[in-house]
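# Structural overview
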Amino acid sequence: MQKLQKTGRESGVICDTLVRTRSFLAGLLLPLSVALITSAHAHTGAGVAIVGPVTYQSQPSPSPGLPLSEIVFLFAMFLSGIHLLLKLRQRPLVRLRSRLIGVSMIAILGLGVVAFAAPSHEVSVTPPVSFTFYFGGDSGYYSGSLLPSNSSNRLIQSDFFLALGDISYNGSSRGYPPTGNEADWCNFIKANVQNRLSNPYFPYIFITGNHDDGNPSTPQKDGYIDAFIANNCLPLSAFNSTATAGNGYINFVGSGLCSESSTCYGKEGYFDYPAANPIARIITITVADSVGNSTDPTANVNFNYCPLSVCGMSNLDMHWNWLTSVIADAKAAGHWIIVAFHKPCLSPDLATGCEGNGMPNGHNPNFQLESYLMSHGVDVLLNAHAHIYARSKQLTCLGSSEPPTGSTVGIKYDPTCVANDGSSSVYTRGKGTVEVIQGVFSQRDEQLNFSRPDINYFAKAMSARGSLTITPADCCWVNGSPMDMASGNGVGMMTVNATQVSFTWVPSVFSHNTQNTAKFSDSFVIRPQSNPTNNTSPPTKNTSPPVNWSLLLLTSVAAAIVAITVLTVLLVKRRTKTIASQGSHLFQAKMLRRGSLPRFEPRSISRLICSYSLHLRRQKVDEAYAQPLVHGPSDGTE
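For the structure given in this document, a descriptive report is provided here. Computed from a predicted model, the values in this text were never measured in an experiment.

### Some remarks on the overall build of the chain
Secondary structure summary: the chain contains 13 helices and 23 strands in total. Relative to its full complement of 638 residues, the chain shows a buried share of 48%. Considering only contacts within the chain whose residues lie at least 6 apart along the sequence, 74% involve residues at least 24 apart. With an accessible surface of roughly 29700 Å², the chain has 58% of that area assigned to carbon and sulfur atoms.

### Things to note about unusual backbone geometry
At the junction of Y273 and P274, the peptide bond is cis and its omega measures out at -10 degrees in the coordinates. The peptide bond linking T471 to P472 adopts the cis configuration, its omega dihedral lying at -5 degrees. A positive phi is found at H385, a non-glycine position, where the angle reads about 75 degrees. Judged by its relative accessible area of 16%, H385 falls in the buried class.

### Here's the deal with the sheet that holds strand β5 (residues 204-206)
Spatially, the seven strands line up as an open sheet ordered β5-β4-β3-β21-β22-β23-β16, and their pairing is mixed. Edge strands, defined here as strands with exactly one partner in the open sheet, are β5 and β16 (426-428). Taken over all neighbouring pairs, the strand axes of this sheet differ in orientation by 20 degrees on average, direction set aside. Bridging between strand β22 (residues 501-512) and strand β23 (residues 523-527) involves four bridges; their strand directions are antiparallel. Bridging across to β23, S502 finds its partner in V525. Packed on one face of the sheet, helix α4 (residues 146-153) meets β5, β21 (487-497) and β22 and runs near 150 degrees to β22.

### Re the sheet that holds strand β8 (residues 280-284)
Here we have ten strands laid out as an open sheet, ordered β6-β7-β8-β11-β12-β17-β13-β18-β19-β20, and mixed in their pairing. Two strands in the sheet have a free side with no partner beyond their single neighbour: β6 (253-254) and β20 (481-483). The pairing of strand β7 (residues 269-273) with β8 spans five bridges and is classified as antiparallel. Bridging from a neighbouring strand, D272 pairs with R281 of β8. Contacting β11 (336-340), β12 (380-383) and β17 (434-438), helix α10 (residues 365-375) crosses the sheet at an angle of about 145 degrees to β12.

### Section: the state of the cysteines
For the structure on display, the rule yields six disulfides. One disulfide in the model links C306 with C311; its S-S distance is 1.9 Å. Negative torsions about the S-S bond denote left-handed disulfides, and the value of about 80 degrees found for C306 with C311 makes this one right-handed. Across the pair, exposure class does not vary: C306 and C311 are buried alike. Here C397 connects covalently by a disulfide to C417, the sulfurs 1.8 Å from one another. Across the S-S bond linking C397 and C417, the dihedral sits near -100 degrees, which makes this disulfide left-handed. Linking C397 in the loop between β14 (394-395) and β15 (418-420) with C417 in the loop between β14 and β15, this pair joins segments that are 20 residues apart in sequence. Assessed through its relative accessible area of 0%, C417 is described here as buried.

### Describing helix α9 (residues 314-333)
If you check α9, its first and last C-alpha atoms are 29 Å apart, about what 20 residues at 1.5 Å a residue would give, namely 28 Å. Listed as buried for α9 are L316, D317, H319, W320, W322, L323, T324, V326, I327 and A330. G334 sits one or two positions beyond α9 and adopts a positive phi of about 80 degrees.

### Observations regarding the pattern of salt bridges
According to the stated counting rule, one finds eight salt bridges in the structure shown. Close ionic contact of D272 with R281 constitutes a salt bridge, the shortest N to O distance being 2.7 Å. One network of salt bridges, with partners in common, ties together D226, E260 and K267.

### A short note on the pairing of β23
Along any regular strand, the residues point their side chains to alternate faces of the sheet. Direction of pairing for β16 relative to β23: parallel, over a ladder of three bridges. By the bridge assignment, T428 is partnered in β23 with R527.

### Brief notes about the packing of α4 against helix α5 (residues 182-194)
How two helices pack is summed up by the angle between their axes together with the distance between the axes. For the pair α4 and α5, interaxial distance at closest approach is 9 Å and the crossing angle is 45 degrees. Taken together, the axis directions place α4 and α5 in an arrangement best described as oblique. For the pair α4 and α5, the sense of crossing is right-handed. Touching L146, S149, N150 and N153 of α4 are F188, I189, N192 and V193, all from α5. For the contact of α4 with α5, the class distribution of residues is four nonpolar, four polar and no charged.

### Quick look at α5
Given 3.6 residues per turn, any residue in an α-helix points the same way as the ones three and four places further on. The end-to-end C-alpha distance of α5 is 17 Å, a good match for the 18 Å that 13 residues give at a rise of 1.5 Å each. Considered for burial, the residues of α5 that qualify are E182, W185, C186, F188, I189, N192, V193 and Q194. Residues of α5 that are buried sit in contact with α4, β5 and α6 (225-228).

### Describing the packing of aromatic side chains
Within the structure shown, the criterion is met by 27 aromatic pairs. Considering the side-chain rings of F161 and Y204, the 4.7 Å spacing of their centres and the 40 degrees angle between planes classify their relative orientation as tilted. Residue F161 is found in strand β4 (residues 160-163), and its partner Y204 is found in strand β5; the two are separated by 43 residues along the sequence. Residue classification places Y204 among the buried residues on the basis of a relative accessible area of 0%. Taken together, a centroid distance of 5.9 Å and an interplanar angle of 70 degrees make the contact between W185 and Y204 edge-to-face. In this pair, W185 is assigned in helix α5 and Y204 in strand β5, connecting sequence segments 19 residues apart. Each member of the pair, W185 as well as Y204, is classed as buried. Among the aromatic residues, ring-to-ring pairing joins F131, F133, F135, F160, F271, Y273, Y389, Y427, F503, W505, F520 and F524 into one connected group. Positioned above the aromatic ring of W336, the side-chain terminus of R429 is 3.6 Å from the ring centre.

### A look at the side chain of N300
Locating N300 in the fold gives a position in the loop between β9 (289-291) and β10 (301-303). Within the structure, N300 has its side chain in polar contact with the backbone oxygen of S294 (distance 3.1 Å). Dropping the residues within four chain positions of it, N300 is found in contact with N215, E260, V291, G292, N293 and S294.

### A short note on the nonpolar core
Counting 113 residues, the largest nonpolar core has L162, Y204, F206, L382 and M494 as its most contacted members. At six residues, the largest contribution of residues to this core is made by α9. Discounting residues that sit within four places of it in the chain, F206 has contacts with A163, I167, W185, I225, F228, I229, L234, Y265 and G266.

Calculation notes
Residues numbered from 1 in each chain as written. Predicted model: local features only at pLDDT ≥ 70, side-chain atom pairs only at ≥ 80, totals over all residues. Heavy atoms only, no water. Helix = DSSP H or I, 4+ residues; strand = E, 2+ residues; numbered from the N terminus. Buried < 20%, exposed > 50% of the residue type's maximum accessible area, 1.4 Å probe, protein only. Contact = heavy atoms within 4.5 Å. Areas by Shrake-Rupley, 256 points an atom, 1.4 Å probe, with all protein chains shown as cover. Pairing = 2+ DSSP bridges. Axes fitted to C-alpha atoms, helices over the stretch in contact; angles between N-to-C directions. Disulfide = S-S within 2.5 Å. Expected span 1.5 Å × (residues − 1). Salt bridge = Lys/Arg side-chain N within 4 Å of Asp/Glu carboxyl O. Parallel < 35°, antiparallel > 145°, perpendicular 65-115°, else oblique. Left-handed = near helix turned anticlockwise from the far one by under 90°. Nonpolar A, V, L, I, M, F, W, Y, C, P; charged D, E, K, R; others polar. Phe/Tyr/Trp six-rings, centres within 6.5 Å; stacked < 30°, edge-to-face > 60°. Lys NZ or Arg CZ within 6 Å of the ring centre and 35° of its normal. Polar contact = N/O pair within 3.5 Å; in protein donor to acceptor, adjacent residues only side chain to side chain. Core = buried A, V, L, I, M, F, W, Y, C linked by side-chain atoms within 4.5 Å.

So, in structure tokens, the structure goes:
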């Protein structure tokens, strides 16, 4: 008997201690459980999704926001703190509130379990789409330019290359037949680009130059564009097939106005890039040239752009309407707009004028074209033809002086056309057009004209010629002043993402003043408009996933229902066993004094188990005391 009493007292002390510390244990258990859940999610990587193509520049990782497990942790700590406070100041009026908070803590713990079982969406990074391409014109090779052409070709990397015309010089310019040698040049490209990159379908994209037009009436006869894109050379199908080129394929869309050929590729069309998620429209056209290999001039197509109201020619108006609609669609879609063609109207060299292929109705179509492009939201123009490198200021017009076709002095400098002088190498998107002339892929025979009025439209320019005959004998033009430094051949490299265009001129071979430690270089960037703090960095977007509060609430309710159901079942089972016990008069008297069934107190699982264990022990004690009164002898002795 004494042993049972002692055991009951010890059990009561233990249970009272557990009851007093259950708030502390709950406050410890919940954060520990949530910490384990968070750790499990961090190591399993469930639900992590990286969306977007491979990028070629560093991208800042967006913040993942406030994960669900952290919300559970903070909420559990908050409830645990309130529960501890109420237990320290326990009074009958606040017992119900304490019980509700206890139920809530159990529900939160259940929520943590559900959060662990559900797929995690805490990490979802969608990097900005970005791509890099290379470009250059006058890329043709022959015995005198094999080294620079080979060196420049070996600089080319992903994602594609734009050949800005004058693809080959292995024709009448070098004493060979005007056509028939195109496949030899293509094999040279395959060896130095596709094979080097281990990609037989690498997009080496053609744009027709005056050496490639196939026109027998023009003086330069070095190939025909249709032969360069033939199946035994570098065919169009390699750029238009998802099966051969993968997700980064070039989906070229021709204008449908190329009646001299079965395709417009290489002459007039556009492609949006990347094809799956485009951020830029690259428009490739032929300017101031008649393309076709027919001896009948009417069978060849005059590629020029001028509205009917200005030049009075319906065929030029058709090309004009197609081009302006393609540009308008790209603007409406928010794409970067890059227009690439061979012959520029604007150039700072000695020999290149604003060629218009005639003066219909007294107007120069090339001047009309570039004036429109600069005033209608085109971001970048890419040209060649002049065997120099040049980068313009950001321009909105070419002034009011319209030059006759081929004039090198007809364009006058108008400072009101300059939106940004380019001296900082940082331009603002939407403020005007930046023109890049990249005609030094393999050629180096041209010089700058420092007295030419329109050289003032350029921020930087360079001649790759080894020995200069001009005065001053300087290679380069840098922010309004002639300068002499090492210069030579190279390619253009441009990286485009949704908010920024960045460019770098990449040298391949230095040919002028090679001993000079000062070497010509150039780069620029086009960015969105600066914020009021004059920060030129691209704006960042909040990529944090939103908290699904409805899911949080529903899960909490479900967890609470499960917890209450479990506790109710246990309490009913406890009550049934208690009533069924025979001889437990003290326990029954206590129940009668209470006048009701045991009240539901969902304080903790440990309290429930401990109380039930204590009751069983006290029941044995009661039975031991009650035994002599019920079953004692009848003679009255004790």
